[in-house]
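A look at the structure
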Amino acid sequence: MSKQQVVTIKGTKDGLILRLDDQCAYSDLLEELGKKAQDPGLEGAVEVQIHTGSRYCSDQAAKEIIQIVQSAGHLRVSKIQSDVITMEECNRRVQEQQSETYIGIVRSGQEVHAKGDLVVIGDVNPNGHVSAAGSIYILGRLKGKAHAGNAGNREAVIAASWLEATHLMIADQMETMTDELAILSEHPEMECAYLHTNGFIAIDRLQDLRLLRPGLSTFKGGS
Amino acid sequence: MGEAIVITSGKGGVGKTTSSANLGTALALQGKKVCLVDTDIGLRNLDVILGLENRIIYDLVDVIEGRCRIQQALVKDKRFEDRLFLLPAAQTTDKNAVTPEQMKDLITELKRDYDYILIDCPAGIEQGYKNAVADRAIVVTTPEISAVRDADRIIGLLEAEDIEPPKLIINRIRRNLINSGDTLDVNDITSHLSIDLLGIVLDDENVISSSNKGEPVVMDPNNPAALGYRNIARRILGESVPLMSVDTGKPGFFGKLKSLFSK
Ligand SMILES: Nc1ncnc2c1ncn2[C@@H]1O[C@H](COP(=O)(O)OP(=O)(O)O)[C@@H](O)[C@H]1O
Ligand SMILES: [Mg+2]
């Protein structure tokens, strides 16, 4: 064979993978994909993954590729994967990984938002509001509202030196600190709130976080 | 060049006007030249507390709109020779009669002639511009949860402005309630608000009767609320005065007050 295959099909234990050449012209790629998708030899294979290698795959291109692959009716694309992302996407991901630090008092009527984790050094007063896509850690008193995992992350937690919030939210679950919960946390010192497997927000000792959410640790390396 | 201090609060009726009148008077008693500016447009009462009501000819808006010169509008408190003046609030109902720039120019002009300009504000959060014209701010609260919450809100707004961090006055402290634990105590409030305490003022019925007489209570050296205001004035002047005790449990509270004054 003189010409490099533009679309190669590989069977793996995770299912079929269509590997798309990342050097050829995009139009050639679509054309070849169309042919391969119609190939009667593929009959019966249901789910495929598509790997685009070092070719950046915009939302528009992804739609086009999926449409062509699925047009024959016997293939379904479960996922498209590319080795490259835009700077914008990269920055967003970095931000989500980062933690932002706010030093000060979050007072009544004020709001502090973070795209990743949020560290507050100071108090969050009643009717003050902190929220983060990641977890919230407060070195001080949390007496207002806190919303962790505000983009849906159910693993996010809210930890505070003094956890006396009026409202706690994790992902889409909200808890107002009713009398019952207040009793639960009669000693509001050094506690953390997390989403229990029963779907409700639970409060435990800060020290238990290592067992409840070991995945939150980002510390790498020696002991 | 004088210093402009805005006296503000979140909740109304906590004692801004009373504090302005008494601190202005106390600073004048200490020999400073003071101008009180009443910006509570439509609801003036600083003049009444000072007993100057029937001497008003022009007001703040008259000055701003060029109907008179500042000097013509200022009302002199004759008890203090040339040391205490009032610029009365207008009685109009148009709260927006004065723009931030106009206010700034006015205060800058007053700062040339006075050591202290105390600006008595309306309550609430919608008059931020009057804060920015000052060099520093005093937030007044009472020891009630609702007043402290609203103080927190206004402190947040003040901290976002280009002035020194605000300081706190806790007014109307009732000793019997503190001793019985039925009210927030001074420590509760200052640790909640995390700002410096400028001083405390006891609740005292003479505050009301002396206001009605047009003679600020601070002029009576034996009154316990007056002591609070005198101490605050001394702290404004930079003296370090220990916080007075609110505890009545100890005998000789008034004796201690007297000894402080006879020093
Ligand atoms: N320390 C005090 N003890 C007793 N009454 C007080 C005291 N301070 C203020 N008052 C009373 O409370 C009321 C409201 O005070 P005012 O100074 O007009 O508040 P604001 O200007 O904040 O609306 C007035 O009747 C005043 O006499
Ligand atoms: Mg007033």
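Cut-offs and rules
Residues numbered from 1 in each chain as written. Chains lettered and ligands numbered in written order. Predicted model: local features only at pLDDT ≥ 70, side-chain atom pairs only at ≥ 80, totals over all residues. Heavy atoms only, no water. Pairing = 2+ DSSP bridges. Helix = DSSP H or I, 4+ residues; strand = E, 2+ residues; numbered from the N terminus. Axes fitted to C-alpha atoms, helices over the stretch in contact; angles between N-to-C directions. Buried < 20%, exposed > 50% of the residue type's maximum accessible area, 1.4 Å probe, protein only. Arc of directions from axis to C-beta. Contact = heavy atoms within 4.5 Å. Polar contact = N/O pair within 3.5 Å; in protein donor to acceptor, adjacent residues only side chain to side chain. Domains from an automatic or database assignment. Salt bridge = Lys/Arg side-chain N within 4 Å of Asp/Glu carboxyl O. Buried area = accessible area lost by both parts, 1.4 Å probe. Patch = residues over 30% accessible without salt bridge, like charges linked within 9 Å, V, L, I, M, F, W, Y side chains within 5 Å. Areas by Shrake-Rupley, 256 points an atom, 1.4 Å probe, with all protein chains shown as cover. Lys, Arg positive; Asp, Glu negative; His and termini not counted. Charge placed at Lys NZ, Arg CZ, Asp CG, Glu CD. Phe/Tyr/Trp six-rings, centres within 6.5 Å; stacked < 30°, edge-to-face > 60°. Lys NZ or Arg CZ within 6 Å of the ring centre and 35° of its normal.

**Focus on the sheet that holds strand E6 (residues 111–114) of chain A**
All names here are of chain A. The strand order across the open sheet formed by five strands is E6-E8-E10-E12-E13, and the pairing between neighbours is mixed. The strands lining the two open edges of the sheet, one partner per strand, are E6 and strand E13 (173–176). Strand-to-strand twist across the sheet, computed as the mean angle between neighbouring axes with direction ignored, equals 10°. In this structure, strand E12 (residues 167–170) lies alongside E13, joined through four bridges in antiparallel fashion. Looking across to E13, one finds that Leu168 is bridged to Glu175.

**Section: helix H10 (residues 205–213) of chain B**
Residue and element names in this part refer to chain B. Taken as a whole, H10 has its buried residues at Val207, Ser210 and Ser211. Along the long axis of H10, the arc covered by the buried residues comes to 105°, so they all point the same way. Opposite the buried face of H10, at more than 90 degrees from it, the exposed residues are Glu205, Asn212 and Lys213. Among the structural elements, helix H1 (16–29), helix H2 (46–49) and helix H11 (224–236) are those in contact with the buried residues of H10. By the N-cap criterion, in which a side-chain oxygen at the helix start approaches the backbone nitrogen of a residue two or three places on, H10 is capped by Asp204, the distance to Asn206 being 2.8 Å. Two residues or fewer after H10 comes Gly214, characterised by a positive phi angle close to 75°.

**Considering the domain arrangement of chain A**
Many descriptions give the size of an interface as the accessible area lost when the pieces come together. Domain boundaries assigned for chain A yield domain 1 (7–81) and domain 2 (91–216). The distance between the C-alpha centroids of domain 1 of chain A and domain 2 of chain A comes to 43 Å.

**Quick look at the pattern of salt bridges**
For the structure shown, the criterion picks out 20 salt bridges over all chains. Measuring nitrogen to oxygen at the nearest pair gives 2.9 Å for the salt bridge that ties Asp152 of chain B to Arg107 of chain A. Here Asp152 of chain B, found in helix H7 (residues 145–159), pairs with Arg107 of chain A, found in the loop between strand E5 (99–103) and E6, and the two come from separate chains. An identical accessibility class is assigned to Asp152 of chain B and Arg107 of chain A; each is buried. Residues participating in the shared-partner salt-bridge network are Glu89, Arg92, Arg93 and Glu96 of chain A.

**Some remarks on the pairing of strand E1 (residues 7–12) of chain A**
Residue and element names in this part refer to chain A. In this sheet, strand E2 (residues 15–20) lies alongside E1 in antiparallel orientation, the contact comprising six bridges. Along E2, the bridge assignment pairs Lys10 with Ile17. Between the antiparallel neighbours E1 and E2 lie two residues.

**Concerning the interface of chain B and chain A**
Taken together, the contact between chain B and chain A spans 12 residues of the former and nine residues of the latter. Carbon and sulfur atoms supply 39% of the area that chain B and chain A bury against each other, a total of about 810 Å² over both sides. Considering only the surface of chain B that becomes buried against chain A, Asp152, Arg153 and His192 of chain B emerge as the three largest contributors, covering 54% of it. In this structure, the connection of chain B to chain A is made through two salt bridges. With a shortest N-O distance of 3.0 Å, Glu159 of chain B and Arg107 of chain A are connected by a salt bridge. One can count nine residue pairs in polar contact (both at pLDDT 80 or more) joining chain B with chain A. Listed by contribution, the elements that provide at least two residues to the side of chain B that touches chain A are H7 and helix H9 (186–193) of chain B.

**Structural notes on a nonpolar patch on the surface**
Among the surface-exposed residues, Ile103, Ile121 and Leu139 of chain A lie close enough to one another that they form a single nonpolar patch of about 310 Å² accessible area. As for its placement among the helices and strands, Leu139 of chain A is situated in strand E9 (residues 136–142).

**Observations regarding a negative patch on the surface**
The grouping of Glu101, Asp105, Glu109 and Asp113 of chain B at the surface amounts to a negative patch. With respect to the element layout, Glu101 of chain B can be found in helix H5 (residues 100–113).

**Re the packing of aromatic side chains**
Residue and element names in this part refer to chain B. A complete count under the given rule lists one aromatic pair over all chains for this structure. A centroid spacing of 5.7 Å and a plane angle of 70° characterise the contact between Phe85 and Tyr114, whose relative ring orientation is edge-to-face. Separated by 29 residues along the polypeptide, Phe85 in strand E4 (residues 84–87) and Tyr114 in the loop between H5 and strand E5 (116–120) bring together distant segments of the chain. In this pair, the class of Phe85 matches that of Tyr114, namely buried. The ring of Tyr114 carries the charged tip of Lys33 above its face, separated from the ring centre by 4.9 Å.

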